[in-house]
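# Fold and contact review
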Amino acid sequence: MRTFFSILLSLVFFSGLLAQTNGLVEAKHGMVVSASDIASDVGVEILKEGGNAVDAAVATGFALAVTFPSAGNLGGGGFMVIRFPDGTTTTIDYREKAPLSADRDMFLDDNGKFNLEKSTTGTLSSGVPGSVAGLLYVLDKYGTLPLDKIIAPAIKLAEDGFILKKELVNSINNHFDEFVNIPSSKKIFTDNGNKLPNNFKLIQTDLSETLKLILQFGYDGFYKGKTAELIVKQNKNDGGIITLEDLQSYQPVEREPVAGIYKDYKIISMGPPSSGGIALIQTLNLLEEIADPDIKKEYYNKLIYSLKYAYTDRSKHLGDKDYYDVPVNWLISKKYAKYVVDNILFTKSPSENYVPGNPKDLMESEETTHYSVVDKNGMCVSTTTTINSSYGNKVVVDGAGFLLNNEMDDFSAKPGEANQFGLIGGEANSIQPGKRMLSSMTPTIVEKDGKPFIIIGSPGGSTIITTVLQVILNVVDFDMNIYDAIAYRRLHHQAFPNRIDFEKDYKDSDLLQYLGTKGHELGRQRVLGRAQGIVIKDSVYTGATDPRSYGKASGY
């Protein structure tokens with residue numbers, strides 16, 4: 001088996017095959033774009049060694065669990081959208097689930113008031129992790145290389161360590177006050193109880209042992225045996241409720257994607273329990289009815305109206321469709337979009353006056369991560385994964401070396417009341433044992449003329465949907481290359497709160513002033529999303545990582 005360091009040497013050798021101009025990376029044989037330069041290089045090396053896009057995606061996912069601890073994970077979950085070379089598609093849902101002893105009132109106090117701290121801190125906030133099961137499932141069914149080759153780079157990175165970039169040192173140190181007060185986390189994310197210095201070498205011995213158990217025993221190496229017992233022990237010691245039964249009963253679900261048409265492009269994305277695909281397609285349907293890209297200011301006014309309504313419907317109708325009858329086909333239909341435009345959209349400006357549609361709640365953290373992959377045969381994989389808040393609930397499983405998620409906050413703990421990030425949810429997303437919590441993750445593949453065209457996704461909580469949407473619109477409606485489409489300034493509206501958030505390049509702009517004259521309330525300046533994307537055109541793969549982050553587009 002080749003060592004990781006020999007992989008890096010080969011990447012240097014092959015660098016001459018890769019072109020980069022103004023943030024764009026071009027390749028002809030394969031590409032991986034992720035939030036970690038090391039993880040992207042791991043994925044591309046797998047492609048060079050004959051693996052397909054799924055092999056590369058799984059290797060990248062395991063590497064991210066080591067090199068991007070704020071969101072890459074073993075203790076969280078995610079979604080994967082796959083387009084095969086023959087044009088068929090599928091999605092893998094490995095979203096976390098509520099423990100079997102969870103109940104709908106578990107985060108309410110004695111007076112029935114939602115307790116935000118309970119839903120976001122400590123192991124009570126953790127859903128049953130799905131990442132390991134999902135990655136193993138998709139590798140076994142659609143991969144071509146053995147697990148030992150796929151997981152070896154991640155094991156090596158955890159065991160031998162790697163030098164942290166300044167950005168990652170700062171990211172970890174930003175949470176020092178939390179890590180230093182959790183003994184299991186203090187061991188890994190502090191320097192003997194002090195903040196990490198620059199050029200710190202992060203060695204994660206316990207995590208490497210956990211990865212070795214996965215290599216040796218597969219699914220049982222995580223959901224049974226030593227690792228499972230350590231997860232349960234951490235929960236018991238910290239007031240959590242995940243049991244061995246919860247872990248042993250977890251299974252990913254393969255689902256049909258949601259799909260729609262925007263102009264001449266086919267949008268293939270993730271369905272429930274993700275809200276991303278439905279909200280994306282619904283917004284595009286509304287825009288197609290009302291917006292003209294040649295009239296740019298008014299185009300954005302129409303975009304804001306469309307987003308308001310899509311997020312309003314999200315608050316009412318979306319949740320885990322295994323537990324709630326989500327009206328998917330109705331929500332993404334052109335007929336419904338026309339009805340909304342003709343009867344609702346411009347009759348009521350404030351979000352508070354919008355009422356979700358009726359066929360015959362709630363924002364996850366911005367510390368999610370996304371990666372896009374394409375191989376030499378045109379197989380495409382779009383994957384978004386998360387542990388919710390940055391570094392999840394900050395609790396490392398002692399002896400296992402990975403962070404737990406705080407995804408239980410993504411349920412509507414009290415329908416109609418906002419969670420930590422301001423989104424409102426309803427009965428569709430109420431807590432139930434074994435249920436998957438609603439997500440905004442929007443891994444997406446766009447086709448043009450029946451061929452793959454864009455592979456895109458982003459972190460950003462509820463801003464994921466608006467980020468993915470605007471990148472697609474920048475490519476399709478404004479003819480931008482993928483780097484410019486990702487780098488371009490963004491706006492965000494999620495209906496509740498009723499305001500437009502915006503990036504700094506929009507500050508004092510004519511567009512914001514125009515939107516203000518249209519009755520829209522201007523909100524706060526913030527960073528919106530960190531997309532990772534690929535465009536496929538004329539047999540050339542063009543990729544870009546978001547300049548808002550510090551990832552890498554790697555290809556050959």
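Before reading further, recall that the structure is shown in the block above.
Note on numbering: residues in each chain are counted from 1, in written sequence order. Per-residue local features of the predicted model are confined to residues with pLDDT of at least 70, and side-chain atom pairs are confined, for both listing and counting, to 80 or more; whole-chain, interface and lining totals are unaffected and use all residues. Side-chain numbers come from the whole structure's heavy atoms, not from hydrogens or water.

## A short note on the pairing of strand E18 (residues 532-537)
Look at any regular strand and the pattern is simple: side chains alternate between the two faces of the sheet. In plain terms, the rule: With a 1.4 Å probe rolled over the protein chains alone, any residue whose accessible area is under 20% of its type maximum counts as buried; one over 50% counts as exposed, and the rest are partly exposed. Numbering of helices and strands runs from the N terminus, with a helix taken as a DSSP run of H or I at least four residues long and a strand as a DSSP run of E at least two residues long. What makes two strands pair is DSSP finding at least two bridges between them.
Burial runs high along E18: 5 of the 6 residues are buried. In terms of strand pairing, strand E14 (residues 451-456) meets E18 through 2 bridges, oriented antiparallel. Across the sheet, Ile454 pairs through a bridge with Val535, a residue of E18. Judged from the 6 bridges that link them, E18 and strand E19 (residues 540-545) form a sheet pairing that is antiparallel. For Ile534, the partnering residue across the bridge sits in E19 and is Gly543. Between E18 and the antiparallel strand that follows it, E19, lie 2 residues; Asp538 among them carries a positive phi value of about 55°.

## Some details on the pattern of salt bridges
The condition is simple: Between Lys or Arg on one side and Asp or Glu on the other, a salt bridge is scored when a side-chain nitrogen of the former is within 4 Å of a carboxyl oxygen of the latter.
For the coordinates displayed, the defined rule picks out 29 salt bridges. The partner of Glu447 in a salt bridge is Arg83, with the nearest N and O atoms 2.7 Å apart. Glu447 gets classed as buried once you look at its relative accessible area, which sits at 8%. Residue classification places Arg83 among the buried residues on the basis of a relative accessible area of 5%. Residue Asp322 pairs with Arg255 through a salt bridge whose shortest N-O separation is 2.9 Å. Pair noted here: Asp322 is in the loop between helix H15 (296-317) and helix H16 (328-331) and Arg255 is in strand E8 (residues 253-255), with a separation of 67 residues, a long-range link. Note on Asp322: relative accessible area 47%, which makes it partly exposed. Here Arg255 falls in the buried class, since its relative accessible area comes to 7%. Overlapping salt bridges bring together Asp93, Arg255, Asp322 and Arg436 as one network.

## Digging into helix H12 (residues 225-237)
This is how it is decided: Expected span, for any helix, means 1.5 Å times one less than how many residues it has. Throughout, a residue-residue contact means that at least one pair of heavy atoms, one from each residue, lies within 4.5 Å.
Over its 13 residues, H12 runs 18 Å from end to end, which matches the ideal 18 Å to within 8%, given 1.5 Å per residue. Of all the residues in H12, the buried ones are Thr227, Ala228, Leu230, Ile231, Val232, Gln234 and Asn235. Summarising the contacts, the buried residues of H12 are in contact with helix H9 (183-189), helix H10 (205-217), helix H11 (220-223) and helix H13 (244-249). Of the residues trailing H12, Gly239 is marked for its positive phi of about 85°.

## Some points on the packing of helix H14 (residues 276-290) against H15
For clarity, the threshold we go by: Comment: axis = line fitted to C-alpha atoms, over the contacting stretch for helices; angle = value between 0 and 180 degrees taken between N-to-C directions. Note on angle classes: values under 35 degrees are labelled roughly parallel, values over 145 roughly antiparallel, values of 65 to 115 roughly perpendicular, and the remainder oblique. In this scheme the crossing of two helices becomes right-handed for a clockwise turn of the near helix relative to the far one and left-handed for an anticlockwise turn of less than a right angle.
Viewed as axis vectors pointing N to C, H14 and H15 meet at an angle of 140°, and their least axial separation amounts to 9 Å. By the criterion of interaxial angle, the relationship of H14 to H15 is oblique. Where H14 crosses over H15, the two elements pack in a sense that is right-handed. Residue-level contacts link Ala279, Gln282, Thr283, Leu286, Leu287 and Ile290 of H14 to Tyr299, Lys302, Leu303, Ser306, Leu307, Tyr309, Ala310 and Asp313 of H15.

## Quick word on the sheet that holds strand E15 (residues 491-492)
The strand order across the open sheet formed by 3 strands is E15-E16-E17, and the pairing between neighbours is mixed. Looking at strand neighbours, the two that pair on one side only are E15 and strand E17 (522-525), the edges of this open sheet. Pairing between E15 and strand E16 (residues 500-502): 2 bridges, direction antiparallel. Residue pairing across strands places His492 opposite Asp501, the latter belonging to E16.

## Quick notes on the packing of aromatic side chains
Our working rule: Aromatic pairing here means that ring centres of Phe, Tyr or Trp (its six-membered ring) are within 6.5 Å. Orientation follows from the plane angle: under 30 degrees is stacked, over 60 is edge-to-face, and everything else is tilted.
Counted under the stated rule, the structure contains 14 aromatic pairs. Seen from their ring centres, Tyr219 and Tyr223 are 4.5 Å apart, and the 15° between their planes marks the pair as stacked. Accessibility expressed as a relative area gives 19% for Tyr219, which makes it buried. On the accessibility criterion, Tyr223 (0% relative accessible area) is buried. Summarising the aromatic geometry, the rings of Tyr309 and Tyr336 are spaced 6.4 Å apart at their centres and angled 50° between planes, so their arrangement reads as tilted.

## Section: the pairing of strand E11 (residues 368-374)
Summarising burial for E11: 7 of the 7 residues are buried, a large majority. Where strand E3 (residues 31-34) meets E11, 3 bridges bridge the pair, whose relative direction is antiparallel. Bridging across to E11, Val32 finds its partner in Val373. As paired strands, E11 and strand E12 (residues 380-386) are joined by 7 bridges and run antiparallel to one another. When the sheet's bridge partners are listed, Val374 is paired in E12 with Cys380. Counted along the chain from E11 to the antiparallel partner E12, the turn is 5 residues long, and its residue Gly378 has a positive phi close to 85°.

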